[in-house]
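# Remarks on the overall topology
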Amino acid sequence: MFRKRPPPEEERKVKANDREHNEKFQYASNCIMTSKYNILTFLPVNLFEQFQEVANTYFLFLLILQLIPQISSLSWFTTIVPLALVLSITAVKDATDDYFRHKSDNQVNNRQSQVLIRGSLQNEKWMNVKVGDIIKLENNQFVAADLLLLSSTEPHGLCYIETAELDGETNMKVRQSVSVTAELGDPNNLALFDGEVVCEPPNNKLDRFCGTLYWRDKKYPLTNQNMLLRGCVLRNTEACYGLVIFAGPDTKLMQNSGRTKFKRTSIDRLMNTLVLWIFGFLVCMGLILAVGNAVWEREVGSLFQSYLPWDPPVDNFMFSAFLSFWSYVIILNTVVPISLYVSVEVIRLGHSYFINWDRQMFCSRCNTAAEARTTTLNEELGQVEYIFSDKTGTLTQNIMSFNKCSINGHTFGEVMNTLGKQPKRLDFTPFNPLADPDFCFYDEKLLESVKVGDLHTHEFFRLLSLCHTVMSEEKSEGELVYKAQSPDEGALVTAARNFGFVFRSRTPGTITTTEMGRTVTYSLLAILDFNNIRKRMSVIVRNPEGRIRLYCKGADTVLLERLHPCNQELMTITSDHLNEYAADGLRTLALAYRDLSEHEWEAWSESQRCADKATDCREDRLAAAYDKIEQDMILLGATAIEDKLQEGVPETIALLSLANVKIWVLTGDKQETAVNIGYSCKMLTDEMTEVFIISGHTVQSVRQDLRRARERMIELSRAKDGGKDGGMEGWAEASFTRNGLKNRQEGDGTTGGGSKQPHCSSFPSSPSSDMDNISGEFALIISGHSLAHALEADMEAEFVSTACACKAVICCRVTPLQKAQVVELIKKHKKAVTLAIGDGANDVSMIKSAHIGVGISGQEGIQAVLASDYSFAQFRFLQRLLLVHGRWSYLRMCRFLCYFFYKNFAFTMVHFWFGFFCGFSAQTVYDQYFITLYNIVYTSLPVLAMGVFDQDVPDHRSLEYPKLYEPGQLNLLFNKKEFFICIAQGIYTSVVLFFVPYVVLSNATQINGVPLADYQTFAVTTATALVIVVSVQIALDTGFWTVFNHMFVWGSVGSYFTIMFALHSQTLFRIFPNQFRFVGSAHNTLLQPVVWLTIALATAICVVPVLAFRFLKLDLKPQLSDTVRYTQLVRQKRRKPAGRTIGGAWRGTGSVSEGRLGARGGSRRSGYAFSHQEGFGELITSGKNMRLSSLALANFASKHSSNLIETLRRKKNTHTPPSTSGECSPAPGNMSGMGPALSNSSSVLGGSQDTPIEEETDTGIRLSSSSHPAALEPAEPGASAQVANPDSSASAAARTDSPGGWARSLETVQEALFGRRGFASASCSQSPPCNARETPTLSKAHA
Amino acid sequence: MFHSFGKHFLYTGLEGGSCHSQYGGWSNVWFLLSQCGVCPAPNGQSRKGGQVKATATYRILAMVKQEQKESSDRPDNTAFTQQRLPAWQPILSAGIVIPGFVLIGLAFIGVGVGLFITSQNIQVLELDYTGADTANPCYECGRQSTKNCVCTMEFSLSTLFKGPVFFYYGLTNYFQNQRRYGVSKDDTQLFGDLDAIKTPTSDCAPFDYDGNNRSIVPCGALANSIFNDTFKLYVKTNNSGKKEVPLDGKGIAWWTDYNVKHRNPDVTPLKDAFKDTVKPINWPKPVYELDTTDEYNNGFINQDFLVWMRRAALPDFRKLYRRITADEYHDGLPAGNYSLEITYNYPVLTFNGRKKVVLSNVSWMGGKNDFLGIAYLVVGSLCIVMSIVMLIVYAKFKFPEED
């Protein structure tokens, strides 16, 4: 903590392998210390920290006051005991935390790493690694410090790292060493390396590094690309060497682990305000009593001096009043007892543990329990009004599953869910030993189609197995692991793998696959990589027969434009399928191929080389080159990938919106995707009157859109049934179609206006003219660039008012910073409690700025979890966190606070009344021990038990009746009004507690005639009455009597009597006669019936009105929770209150949505969600990332090298002419007019499409049933294109080393399979034609 | 490793302390294993075999860990952790509250009636002898500060004053409950501690030492201001003579005060214990001469002293002076004329105080106390009224359940 830090560095100079030189600079060592204390410094530092808390200082101040004898109205221990207790509890907690920090520090510091010292590798602990050392890292090891990568076992000095610890991104990243050092290679050379690095001083920017390497009189610039940061893990790299640049606390990781902002709850803030008020109140009372003291001393005290002279220093009544003021401050300080703060913390801690312990928030799949990482925010969970959610990984699983596909006009993947039978998952293992066991697919037809050798299907999966940038790792035979940059791609390649087209490995120039059990090696000629503008990627491969083919996959919008005109009919059908898929919220992708002649390829490859080498506008030139070749393609089909929603997301969202929580989705995704997800998770629902989309690029357009949306809302809310005639076209329609996505901006590639809705007539439009009522039925979708304008100072109010009138808001294409800004905006304008939930590094800013941050754990990245206050594994746990835990926490905390203030006012104010009868002399009413123990023993546990265990309704009820959540949002249970009620009740109780004994005891005597009006009897009577009254009150307040409540309530009363009798016992008095002056009081007092009658009277007077009031309130103005509780208890559950409207609604919508989504034609068409960056293709083709030496490949290559070599050899020998049939190559540009028309909307589905469909089926029949070469007739362009597909794919497939071999092997496989499965002979009969068809195709190709 | 790192972060990130991650133990092991499992063999030879073996081991271990992990990570399924503790959930239903109110009301009324009747049967006689007005026989004594001024108050009883009769003196506007007054004593001294007799606590200032630095025993304002009027009660006999009514001063203080709290020093004769000390300024004689006739009523355990030292809670108070327990007055003071002879020493007029003598008898509930009975009656009646109101409300606005 107090480590001396050298003055800030200007720049860092590090010389490799030269510890003496580097020591001059005194750089931090690699030893990290996150602990705050050591044994010696613990006490002073910890105390110092604790006394920075205002409350603690206040009590210290009181303690000092009490040491002044003239002021001291209480013994010092009345303050010091609670204070010491609090300080020691906190100290123990801090010490425990610090112990674990020490432990984790030690563990980290003692990790081993291999350091190059004097030319040899030695094992060193991490803490002993110095700046300037060269260390060796092995695969899967953590990087020990921030290193400059010098060399690696991979070619070109590449290495791969996973940075999940740092930024939460789970994909691998590539780092490359400077080329000169990459050559150094082995330790001996590295030991001689004496380069010097000059770089920036330590900072926390993870993505930036700037420095220079000076070596052998040359300068080499260094960037972040050369750095391995601490916290990363080395992956897929056997070993690498790095030079330590930053160590220990200077590393970027440690520089980033800054302290998080301390969050406070609104109750905290309210409590602080109230405590301030109470202090004010305390001062007021002190002043009143001080004035009273002045008057009394002047009028009475001065005359009474013969018996009680003024103290020598107090020679006048004014000074006496001054002292009296402070004395009263001391005795009245218990209105805000120190135990309040401790109790609040304890309760919150208890609630946190309940969250941690909740099995219903435990995800068994990822074995992660929910965790309350901040214990101080629990009750705020019961007040959330706005939820800001990330999409990917939060609402969705970020698991892409290959869900449906359309091949050659046939759609696969629709599973007939008849009779509610769970469709059977396909088992691929008998068919394909290499299949991924985790892959799920349900449609048998597709597998059959593969088995019967449907050429389209084969080509379809061949494309998927070839056209990608996935890398494979084969740890052992058959155990393939794909490393994909985007999960979409991984899903596609895995699908191909399971359907018999297994991608095995790649080299820079080849791709090896296993096709239907046969190993085939393609030579990879080019990768036409993806980028955001192209929205597609292609590969050009040469198959073993030597035919060159381009495979392309991409967004349907771009791909369909580039098809050969002969594809039209297929395109129409496929486009319909795409619409269907998109409507189901699936991510779609169109697949196509093109055969290239050798000549074409060479010409193009030349032009591509030119473009590649061009220095200016390389990107544009390359794109143009790519564009040139990706033309006239032949459509194969389309894939649909499901971006899987997390379990229970729609239900959770529906439930939360019933609880009046507004959910905003902030996502980096595209608008279409976001909207689709919005629908599938029920944020956007049928009930929506209108969905506004704001995607303007300029300030004006955004403002205009917002204004229009608002006007529209007002208009709609005012409008009666007949009032919707006017307005812009589309509006009228919109008001009838509940969910029409209107106001669509151009450039989205979608149509304006919703299509007709069949059920429009049933909708009672505009149910109310009230804005509030109607406001729930709007939704707003805003894109990132519009949001940038909307967040500007002059527009933000406008934006907030519009957005908050909407039930659901989706912000798409937003940056992490914008996410935080949106949250801040709502915090600023709405005074509402916000909750942000996310899983990735891009959500961190949002999570930190929201009142409550929730991280989805169990994923690989933990950045969001680290920044969060709560973490759990699944989004659906949010409902339980808020509606159950949050609600309970809020309820308990509110009840706790109400009662706590009540009991302390009841306790303390008695002194105030007594002041008027004891000459304002700050005489306490009670024994000082009672004052000391009242808050920490006699009354603490019952209220704690209530604060921890209380439940008004059981958990499942609060999920059933989400309206129960509303009191928290409206802050009804504890606010200033409630506070004053509690205070008033407390004061009332204190009046009763003082004056009833006063009146009764002043004349009463014991049975033996001894008066009862002595001070000690009075004190005991009042104290006993107080304890009993507050115990009865807590008993009334407790709604859930667990065994603990019983134990604590009865125990507290019991302990009061026990302790009192002990303190008033003779034994203690004999030991300390000066301290235990109340000897015998308890005995003498409590044996008197009058005393008990007094206590009973006081209790009745205190409690009866409360009881009556509560009963009447329950009857006259019952809360929903009362009703639920009542019904629960009375077991009459017939009637369901308003909150429960939709029990079946979300259950039912599952099926409803299918139909609706299907009908929601215009809004679908989600594009290809290529989420990865471009450039990976280049890496592959350049071969930089190929680890020929690496284990996996070696393993594989040894087995398949023969094939590979053979293939290569053969390729040289039998240089086959280009296989593409010229007559079928569509003329370039023919189709260009087609694309927009298709991409437009489902309106294409007009009557004109009838014929192609017929033709298509016709073709399909022909294809499947006949081997007739007549199908190749070029007369009918559409048909010929269709037919060309199987032909060319068949030919491609047939080009193996021995033409007969492939056919034979295929046959064998099929026979084996079909035979075992007992397939119908009809299917079997299809295989011979399949084989037979090859002959004409081949001959044609050769012709 | 991974997890420990996470934890590491956790501690750095969490500032408010808060609970630490509890789920880490096995995951650490798990991750470590998974790390080691796939680490290449260090020697680099026979890599393939080593790899396979390592993987196999890793798998087996992983399975074992998986099971243990499963059992340790999933929160316990206990009623406590799952907040499903069996609980009694009371609700203020009409079926409980209204009958409850009626019952409480009836009980209070019953008790109230009893208390009120009992209280009515208690006889109390108060005589103010401050001498504030001229009519009072003690007027003269109140004005002059002569010691042992004697005045006599006459009173007559028309009926028998039922016994046992208690004789109290009362003071008004007298602040025994003043904080400084209350603390001005030394309990150790009164406990008979010789050191405390020599050196009383500073709480007693200014009544701790006299001008010659001799300790005052008993020290403090409370002891110094002991009530020192004395009373004699005479019953007038028929032949205009008077006969003294014997007053019993035994056992008028708390048993604990007499037996535990106050103790004379273990020195005989008692006087020796108080060598080099002085009596309190207001006292006529030192503490060891309070009752020279009775050893057990002398010194710190003198009953009158004990009674005075038990300070009153309120500025108007009475203290027990004597009891009338003699055989002939066993049934009480018979009707007749009485005269009370007061040795007037204690000045109260300077601070507008009043002095009085109270004769009273007691019942099972102590002295006369009308308030308690009335209060019980009022509260009881209010409960009944409230229950009727609640019944009406309940009938009119039934719990929304039924609508």
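Predicted, not measured: the structure shown is a model, and the values here were computed from it.

## Comments concerning the overall build of chain B
- A count of helical and extended segments in chain B gives 13 helices and 12 strands.
- Evaluated residue by residue, chain B yields a buried proportion of 50% over its 403 residues.
- Surface exposure of chain B reaches about 18500 Å², of which carbon and sulfur atoms provide 57%.

## As for helix H18 (residues 618–629) of chain A
Residues and elements named next belong to chain A.
- Taking 1.5 Å of rise per residue, the 12 residues of H18 would be expected to cover 16 Å, and the 17 Å separating its terminal C-alpha atoms lies within 8% of that figure.
- Where H18 is concerned, the buried positions are Leu622, Ala625, Tyr626 and Ile629. Seen end-on, H18 carries its buried residues on one side only, within an arc spanning 100°. Structural note: H18 exposes Asp620 and Lys628 on the side pointing more than 90 degrees away from its buried face.
- Each element contacted by the buried residues of H18 is listed here: strand S22 (518–528), strand S23 (536–542), strand S24 (548–554), strand S25 (586–596) and helix H17 (598–613).

## Regarding the UniProt feature "domain: P-type ATPase N-terminal" (unreviewed entry) in chain A
- This chain's UniProt record puts "domain: P-type ATPase N-terminal" (unreviewed entry) on residues 14–80 of chain A.
- In residues 14–80 of chain A, the share of helix is 46% and the share of strand is 3%. The end C-alpha atoms are 55 Å apart.

## Here's the deal with the nonpolar core
- Leu897 and Phe930 of chain A together with Tyr174, Phe231, Trp308, Leu333 and Leu340 of chain B are the most contacted members of the largest nonpolar core, which has 210 residues in total.
- Ignoring sequence-local partners within four residues, the contact set of tyrosine 174 of chain B consists of Phe304 and Tyr307 of chain A together with Tyr181, Ser225, Trp308, Leu314, Pro315, Phe317, Tyr346 and Phe351 of chain B.

## Concerning the state of the cysteines
- With the rule as written, the count across this model stands at 3 disulfides over all chains.
- Here cysteine 141 of chain B engages in a disulfide with cysteine 149 of chain B; their sulfurs sit 1.7 Å apart. On the sign convention where negative means left-handed, the S-S torsion of about -70° between cysteine 141 of chain B and cysteine 149 of chain B marks this disulfide as left-handed.
- Each sulfur in the disulfide pair cysteine 204 of chain B and cysteine 219 of chain B lies 1.9 Å from the other. Linking cysteine 204 of chain B in the loop between helix H8 (194–198) and strand S5 (215–216) with cysteine 219 of chain B in the loop between S5 and helix H9 (221–224), this pair joins segments that are 15 residues apart in sequence.
- Cysteine pairing for chain B (bonded cysteines numbered in sequence order): 1-4, 2-3, 5-6.
- No disulfide involves cysteine 812 of chain A; its sulfur sits 7.4 Å from that of cysteine 811 of chain A, the nearest cysteine.
- On the basis of relative accessibility, which here comes to 0%, the residue cysteine 812 of chain A falls in the buried class.

## Here we look at the confidence of the model for chain A
All names here are of chain A.
- Taken residue by residue, chain A gives an average pLDDT of 76. The fraction at 70 or more is 76%.
- Mean pLDDT per element in chain A: helix H41 (residues 1145–1159) is the minimum at 34, and helix H35 (residues 1015–1037) is the maximum at 95.
- Segment residues 720–775 is flagged for pLDDT under 50; beyond a separation of four residues in sequence, or across chains, it makes 105 contacts in the model.
- This stretch, residues 1187–1343, has a pLDDT under 50; its non-local contacts, to residues over four places away or in other chains, come to 228 contacts.

## Thoughts on the environment of asparagine 282 of chain B
- Considering the arrangement of structural elements, one finds asparagine 282 of chain B in the loop between strand S8 (277–278) and helix H12 (303–309).
- In sequence terms asparagine 282 of chain B and aspartate 208 of chain B are 74 residues apart; their C-alpha atoms lie 13 Å from each other.
- With residues up to four places along the chain from it excluded, the contact list for asparagine 282 of chain B reads Tyr307 of chain A together with Asn224, Ser225 and Asn228 of chain B.

Calculation notes
Residues numbered from 1 in each chain as written. Chains lettered and ligands numbered in written order. Predicted model: local features only at pLDDT ≥ 70, side-chain atom pairs only at ≥ 80, totals over all residues. Heavy atoms only, no water. Helix = DSSP H or I, 4+ residues; strand = E, 2+ residues; numbered from the N terminus. Buried < 20%, exposed > 50% of the residue type's maximum accessible area, 1.4 Å probe, protein only. Areas by Shrake-Rupley, 256 points an atom, 1.4 Å probe, with all protein chains shown as cover. Expected span 1.5 Å × (residues − 1). Arc of directions from axis to C-beta. Contact = heavy atoms within 4.5 Å. UniProt positions renumbered as here; feature names shortened; annotations may be inferred. Core = buried A, V, L, I, M, F, W, Y, C linked by side-chain atoms within 4.5 Å. Disulfide = S-S within 2.5 Å. pLDDT = per-residue confidence, 0-100.

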